[in-house]
Amino acid sequence: MTTILDGKLISEQIQAEILLDVNTLKAQGGKTPHLAAVLVGNDGASETYVAAKVKACEKAGFISSLVRLPETATEQELLAKIDELNKDTAIDGYIVQLPLPKHIHEHKIMEAISPQKDVDGFHPQNVGRMALNLPTYLPATPYGIMQLLERYKIDTAGKHCVVIGRSHIVGSPISILMARNAVPGNCTVTLCHSRTANLKEHTLKADILIVALGKSEFVTADMVKDGVVVIDVGITRIASDKTKSGFKLFGDVNYEEVAPKASFITPVPGGIGPMTIASLLINTLKASKKEVYN
Ligand code: GUN
């Protein structure tokens, strides 16, 4: 039997829990959490993601601010905005939506974000704290995966977890988190990437397969064993005249083929995407309560 890991449902539960918490905070005269998002340029997918984050903030009773800079903004201009956000005591946490235009160095920007306000968990200090299992903001997508595994009570200890993709946003941090001595965690982890030889030999050994490479329907039924837990992080937008939005979303896994072999699987959409947003809200609430740094 295959169980669908319903990220939409779980994220709604988490958002309802957050709203309760925020209402209690407000009733006690506490601070309303405030998240800011910085969007540079007009990338279609980034626009969609940031709009979803802002909407989720409103639903959870947060204040949200959207800071827009043009595609042509210089690195200096973005750094000046970051300096402003770091100093603004009204803002608890903020994110700079990636990818950035090519002329801006992502690392320079991530390092400029105050670690205390880095609710994406991308600052090198927070990445280090994650690796050392110290209190920090976990990056939203990996954190969302961990929460989904936890809420569905999926036993991960001693399991072989195969991750495809080594991005700083998903593949690399989730491989660290799944190997940590924690729950969920305690996996034996194999991290596969574009230079991995004989990928299928690895994926066939996976008890848990986490796919984050951004190639639609890349994982096929012949690549997985029966009973595998499949976490599909990919969201590729492909133009379609059959939908109102003008595009259709595809995961990195061929769902129709792979689902019958899986014990658990995330759908696309409605799997990891909503969990990412719920995790960002949790991190912002933690920032507002000063739970990570005080
Ligand atoms: N682009 C894709 N995923 C993310 C994310 O989690 N945070 C930010 N800031 N940008 C992204």
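Residues numbered from 1 in each chain as written. Predicted model: local features only at pLDDT ≥ 70, side-chain atom pairs only at ≥ 80, totals over all residues. Heavy atoms only, no water.

Overview of the site of the ligand
Note the threshold: Put simply, a residue is near a molecule or strand once any heavy atom of it comes within 4 Å of that molecule or strand. Side-chain atoms alone can form a polar contact between residues adjacent in sequence; in general such a contact is a pair of N or O atoms within 3.5 Å, and within protein one must be able to donate a hydrogen while the other accepts it. In the scheme used here, Gly and all other residues not listed as nonpolar or charged are polar, with Ala, Val, Leu, Ile, Met, Phe, Trp, Tyr, Cys and Pro taken as nonpolar and Asp, Glu, Lys and Arg as charged.
Around the ligand lies a shell formed by K53, V96, Q97, L98, D120, F122 and I169. At 3.3 Å, a side-chain N or O of Q97 approaches a nitrogen atom of the ligand. In this structure, L98 approaches the ligand through a main-chain N or O atom, which is 2.9 Å from a nitrogen atom. Its residues placed into classes, the shell around the ligand shows four nonpolar, one polar and two charged.

Section: the packing of helix α6 (residues 140–151) against helix α7 (residues 171–179)
For clarity, the threshold we go by: To get an axis, a line is fitted to the C-alpha atoms, and for a helix only the part in contact is used. The angle between two axes follows their N-to-C directions and goes from 0 to 180 degrees. Helix and strand labels come from DSSP, where a helix needs a run of H or I of at least four residues and a strand needs a run of E of at least two; each type is numbered from the N terminus. Handedness of a helix crossing follows the sense of rotation of the near helix relative to the far helix, less than a right angle counterclockwise being left-handed and clockwise being right-handed. Contact between two residues is taken to exist if any of their heavy atoms lie within 4.5 Å; hydrogens are not considered.
Contact geometry for α6 and α7: axes closest at 9 Å, N-to-C directions at 35°. Between α6 and α7 lies a crossing of right-handed hand. Every residue of α7 that contacts α6 at P142, I145, M146 and L149 is listed here: P173, I174, L177 and M178. Considered class by class, the residues forming the contact of α6 with α7 number eight nonpolar, no polar and no charged.

A short note on the environment of A80
Quick note on the threshold: Throughout, exposure labels follow a simple rule: accessible area from a 1.4 Å probe, protein chains only, divided by the maximum for the residue type, with under 20% read as buried, over 50% as exposed, and the rest as partly exposed.
With respect to the secondary-structure elements, A80 resides in helix α3 (residues 75–87). According to the relative accessible area criterion, A80 is partly exposed, its value standing at 44%. Taking the C-alpha atoms as reference points, A80 and P70, separated by 10 residues in sequence, lie 14 Å from one another.

What to know about the pattern of salt bridges
Applied cut-off: Counted as salt bridges are all cases of a side-chain nitrogen of Lys or Arg within 4 Å of a carboxyl oxygen of Asp or Glu.
The tally for this structure, following the rule as stated, stands at 11 salt bridges. Between K108 and E75 there is a salt bridge, with the nearest N and O atoms lying 3.1 Å from each other. Placement of the pair is K108 in helix α4 (residues 106–112) and E75 in helix α3, with a sequence separation of 33 residues. Owing to a relative accessible area of 12%, E75 belongs among the buried residues under this scheme. Residue E291 is joined to K289 by a salt bridge in which the shortest nitrogen-to-oxygen separation is 3.7 Å. Linked through salt bridges whose partners overlap, the residues forming this network are D21, K289 and E291.

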